[in-house]
Amino acid sequence: MNAIERYFGINGDNTTIKTEIVAGITTFLTMAYIIFVNPNVLADAGMDKGAVFVATCVAAAVGCFIMGIYARLPVALAPGMGLNAFFTYGVVLGMGYAWQTALGAVFLSGCIFVLLSLFKIREAIINAIPNSLKNGVVAGIGAFLAFIALQSAGIIVNHDATLVALGDMTSFGPVLASLGFVVIIGLSYKRVPGAVTIGILLVALISLLMGYTQFTGIISAPPSIAPTLMQLDIAGAFDVGMISVIFAFLFVDLFDTAGTLIATTSQAKLTDKDGNIPNMGKALLADSTATVAGSLLGTSSTTSYIESISGIASGGRTGLMAVTVGVLFLLSIFFSPLAGMIPAYATAGAIFYVAVLMMGTLKDIDWSDLTEAAPVVVVLLFTPLTYSIADGIALGFITFTAVKAISGKFADISIAVWLLTLVLLVKIIFL
């Protein structure tokens, strides 16, 4: 065995170096859409699109390298969908904070996540949050993403009387966004690797051929990362109004990571007979460290990607798969002109597709128990309608505690939920 095989535990029985590299390429193709989508989303917050593109690629590479080399697990990382939307449309545009302050909040949430990982407090926190609320938050963010996608494509537009209305579905943007969504769904159903990326590039190509987008090249030297590098405002993030924002970043990243790690390691048959994940502490530390690094580079929270399952299905079983994905993200920084030619309606279909996947958590809700269902519906509806993940989470927690207490189900309310509800209630009333 060579050094690489020994380090990653590749013995030729369950996997090979070639298999791991192919699995890494497969995983990259399924999640490469983030290098197009993330700059578009964060650009709406006023951030330099080229700098965010580089930060996205480098942050993803850093996360993949740490996960692959340190935790040695076949899990890839990149800036998370949902978290970037909350960053832009919730914190910056919704609450009026500067993007530098929002980056400071991402940094602090990452630091807290690091501490939780080091002191193994994660399990206690996850166990304290009701499953219905965990699923409700994921679905609520999915609904929020769907609303954003429809707006960016011009499918949903402003209306003075009804607030929102259906846009002109015959115009170029809505037609191309709809086409992209249908293509992505069809290819995903057929399990075509890179379905999302193919959908985005197809729409961008049609836009280019029809003259709606100008050709600026494919490969070039990377844009400067200076406009976002180390531009975070940590002091500003200590504002009392940012408490719920930091909590929201931490909450979503924490549970998204936990769910992804459980799903991927189970699919790879890496868990033990009790369902425990190998190197769980290291995996969480890799995720949290990547979030801190991303905030310093200039992007929203970095998290584990469920798309890693595509690589696992291709045979990936070790950290070499994640390292391969990291190398491909670094190579991607030379394709910035291509990313710059991707219009908003080209990524709208991809965002809506991600929303569909996230809404799938609703199947796990016990709809026969109104005390479980009602808080989920509150989160699901109020997250997009208030244009705020933080407000959706807060109202969901408060509703959960209130309906459980009035129904006499005090055993369902943990001390942690009581405390969180009190904090969130104070935030809504006084902040």
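- The chain carries the name Adenine permease in an unreviewed UniProt entry, which gives Psychrobacter pacificensis as its organism.
- In the Subcellular location (unreviewed entry) part of its UniProt record, the chain is described as follows: "Cell membrane".
- Listed in UniProt under the heading Sequence similarities (unreviewed entry), the comment for the chain reads: "Belongs to the nucleobase:cation symporter-2 (NCS2) (TC 2.A.40) family. Azg-like subfamily."

1. Comments concerning the packing of aromatic side chains
Thinking step 1. One pass over the full model with this rule turns up 6 aromatic pairs.
Thinking step 2. Relative to Tyr345, the ring of Phe172 lies with its centre 5.6 Å away and its plane at 85 degrees, an arrangement referred to as edge-to-face. Taken together, the residues span a long stretch of sequence, with Phe172 in helix α9 (residues 172-189) and Tyr345 in helix α16 (residues 344-359) at a distance of 173 residues.
Thinking step 3. Here Tyr345 falls in the buried class, since its relative accessible area comes to 14%.
Thinking step 4. Three or more aromatic residues joined by ring pairs form one cluster here, namely Phe172, Tyr212 and Tyr345.
Thinking step 5. Above the face of the Tyr7 ring, Arg72 is positioned so that its terminal group lies 3.8 Å from the ring centre.

2. What about the pattern of salt bridges?
Thinking step 1. Going through the model one piece at a time under the given rule, you end up with 4 salt bridges.
Thinking step 2. Put simply, Lys363 and Asp364 hold a salt bridge, and the shortest N to O gap is 3.7 Å.
Thinking step 3. The class for Asp364 is partly exposed, based on a relative accessible area of 48%.
Thinking step 4. In this structure, Asp369 engages Lys409 in a salt bridge whose closest nitrogen and oxygen atoms are separated by 3.0 Å. Here Asp369, found in the loop between α16 and α17 (370-385), pairs with Lys409, found in the loop between α18 (389-406) and α19 (415-430); they are 40 residues apart in sequence, far enough to count as distant.
Thinking step 5. Given a relative accessible area of 17%, Asp369 falls into the buried group.

3. Quick notes on the packing of helix α8 (residues 131-152) against α16
Thinking step 1. Running from N to C, α8 and α16 cross one another at 160 degrees; their axes reach a closest spacing of 8 Å. Comparing the axis directions of α8 and α16 gives the class roughly antiparallel. In this structure, the crossing between α8 and α16 has a hand that is left-handed. Of the residues in α16, those in contact with Val138, Ala139, Ile141, Gly142, Ala143, Leu145, Ala146, Ala149, Leu150 and Ser152 of α8 are Ala344, Ala348, Ile351, Phe352, Val354, Ala355, Met358 and Met359.
Thinking step 2. Partitioned by chemical class, the residues of the contact of α8 with α16 number 16 nonpolar, 2 polar and no charged.

4. Topic: the side chain of Thr27
Thinking step 1. Inspection of the secondary structure puts Thr27 in helix α2 (residues 17-31).
Thinking step 2. Using a relative accessible area of 0% as the deciding quantity, one classes Thr27 as buried.
Thinking step 3. Not counting residues up to four positions away in its chain, the partners in contact with Thr27 are Ala76, Glu307, Ser308, Ser310, Gly311, Met321 and Val325.

5. Focus: the packing of helix α4 (residues 49-71) against helix α12 (residues 280-297)
Thinking step 1. In contact at an axis separation of 9 Å, α4 and α12 are set at 160 degrees when each is read in the N-to-C sense. Regarding the angle of α4 to α12, the classification is roughly antiparallel. Seen along the crossing, α4 lies across α12 with a hand that is right-handed. Within the contact between the two elements, α4 uses Ala55, Val58, Ala59, Val62, Gly63, Ile66, Met67, Tyr70 and Ala71 and α12 uses Lys282, Ala283, Leu285, Ala286, Thr289, Ala290, Ala293, Gly294 and Leu297.
Thinking step 2. Residues that form the contact of α4 with α12 fall into these classes: 14 nonpolar, 3 polar and 1 charged.

The rules behind each value
Residues numbered from 1 in each chain as written. Predicted model: local features only at pLDDT ≥ 70, side-chain atom pairs only at ≥ 80, totals over all residues. Heavy atoms only, no water. UniProt positions renumbered as here; feature names shortened; annotations may be inferred. Phe/Tyr/Trp six-rings, centres within 6.5 Å; stacked < 30°, edge-to-face > 60°. Helix = DSSP H or I, 4+ residues; strand = E, 2+ residues; numbered from the N terminus. Buried < 20%, exposed > 50% of the residue type's maximum accessible area, 1.4 Å probe, protein only. Lys NZ or Arg CZ within 6 Å of the ring centre and 35° of its normal. Salt bridge = Lys/Arg side-chain N within 4 Å of Asp/Glu carboxyl O. Axes fitted to C-alpha atoms, helices over the stretch in contact; angles between N-to-C directions. Parallel < 35°, antiparallel > 145°, perpendicular 65-115°, else oblique. Left-handed = near helix turned anticlockwise from the far one by under 90°. Contact = heavy atoms within 4.5 Å. Nonpolar A, V, L, I, M, F, W, Y, C, P; charged D, E, K, R; others polar.

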